[in-house]
Amino acid sequence: MNAMTAENLRSAFGGESQAHMRYRIWADKAEKDGFKNVANLFRAVSYAEEVHATNHFRALKDEAGDFSVTSGAGFGLSTTSENLEAARNGELHEIEQMYPAFMAVAEKQEEKAAINSMKFAIEAEKTHAELYKKAKEAVDADKDYETEKIYVCPVCGYTVEGEAPDKCPICLVKAERFVEFK
Ligand code: FE2
Ligand code: FE2
Ligand code: FE2
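This one's a predicted model, so the numbers in the text were calculated from it and none came from an experiment.

## Topic: the coordination of the iron ion (ligand 2)
- Around the iron ion (ligand 2), the protein supplies E49 (OE), E91 (OE), E91 (OE), E125 (OE) and H128 (ND1) as donor atoms, at distances of 2.0 to 2.4 Å.
- Positions of the donor residues of the iron ion (ligand 2) along the chain correspond to the pattern E-x41-E-x33-E-x2-H.
- Looking at E49, the relative accessible area reads 1%, which means it is buried.

So, in structure tokens, the structure goes:
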């Protein structure tokens with residue numbers, strides 16, 4: 001793999017891995033604050049980030065070795081409203097800046113595995129940003145996020161509330177493979 005795409009993919013792996021953990025921590029905080037469904041949403045999206053990290057790691061399968069990995073990552077354990085805002089901003093950063101830049105390089109270098117892995121991620125992040133926005137609106141109105149059930153595609157991390165679609169709109173995986181969070 002071209003060195004720059006490999007480095008970008010390692011950075012994306014780092015970012016996804018940290019988001020996975022950060023959302024789990026923020027889920028516990030939401031639960032403590034009495035927002036059970038927000039906690040469930042954070043746990044569902046945390047799983048989606050694990051899917052992204054895993055896809056990137058697999059795309060790097062021939063790049064064995066030790067590396068220093070630099071990734072943008074949010075910190076802070078504030079109110080659930082603020083955590084939702086920070087989560088959404090992190091997703092928007094990936095959608096608007098990080099993945100488009102990394103994908104432009106990967107396309108120039110014709111790195112197919114990297115492009116596919118990042119394409120799944122960027123499309124799924126759009127669903128995350130939207131769900132976090134809805135959840136924040138509820139919390140800011142002193143209510144829990146309305147939706148009790150969240151479904152996550154185990155192949156691309158696409159995340160949807162209510163019920164799973166017949167087929168994943170991003171990667172076409174069938175409904176029965178979606179992972180339910182409630
Ligand atoms: Fe992600
Ligand atoms: Fe995400
Ligand atoms: Fe999918």
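Read on, since the account is not over.
## Brief notes about the packing of aromatic side chains
- The tally for this structure, following the rule as stated, stands at eight aromatic pairs.
- Seen from their ring centres, Y23 and Y132 are 5.3 Å apart, and the 70° between their planes marks the pair as edge-to-face. With a gap of 109 residues between them, Y23 in helix 1 (residues 3–32) and Y132 in helix 4 (residues 112–140) connect regions that are remote in the sequence. Each of the two residues, Y23 as well as Y132, counts as buried.
- Relative to Y132, the ring of F42 has its centre 5.3 Å away and its plane inclined at 45°; by these criteria the two rings are tilted. Taken together, the residues F42 in helix 2 (residues 36–59) and Y132 in helix 4 connect sequence positions 90 residues apart. The two residues F42 and Y132 agree in class, both being buried.

## Considering the coordination of the iron ion (ligand 1)
- The protein atoms that coordinate the iron ion (ligand 1) are E16 (OE), E16 (OE), E49 (OE), H52 (ND1) and E125 (OE), at distances spanning 2.0 to 2.5 Å.
- In this structure, the iron ion (ligand 1) is positioned 3.6 Å from the iron ion (ligand 2), and both are ligated by E49. One end of the pair, E16, is in helix 1; the other, H52, is in helix 2, and 36 residues separate them in sequence. An identical accessibility class is assigned to E16 and H52; each is buried.

Calculation criteria
- Residues numbered from 1 in each chain as written.
- Chains lettered and ligands numbered in written order.
- Predicted model: local features only at pLDDT ≥ 70, side-chain atom pairs only at ≥ 80, totals over all residues.
- Heavy atoms only, no water.
- Donors = N, O, S within 2.8 Å, 3.2 Å for Na, K, Ca; no water.
- Buried < 20%, exposed > 50% of the residue type's maximum accessible area, 1.4 Å probe, protein only.
- Phe/Tyr/Trp six-rings, centres within 6.5 Å; stacked < 30°, edge-to-face > 60°.
- Helix = DSSP H or I, 4+ residues; strand = E, 2+ residues; numbered from the N terminus.

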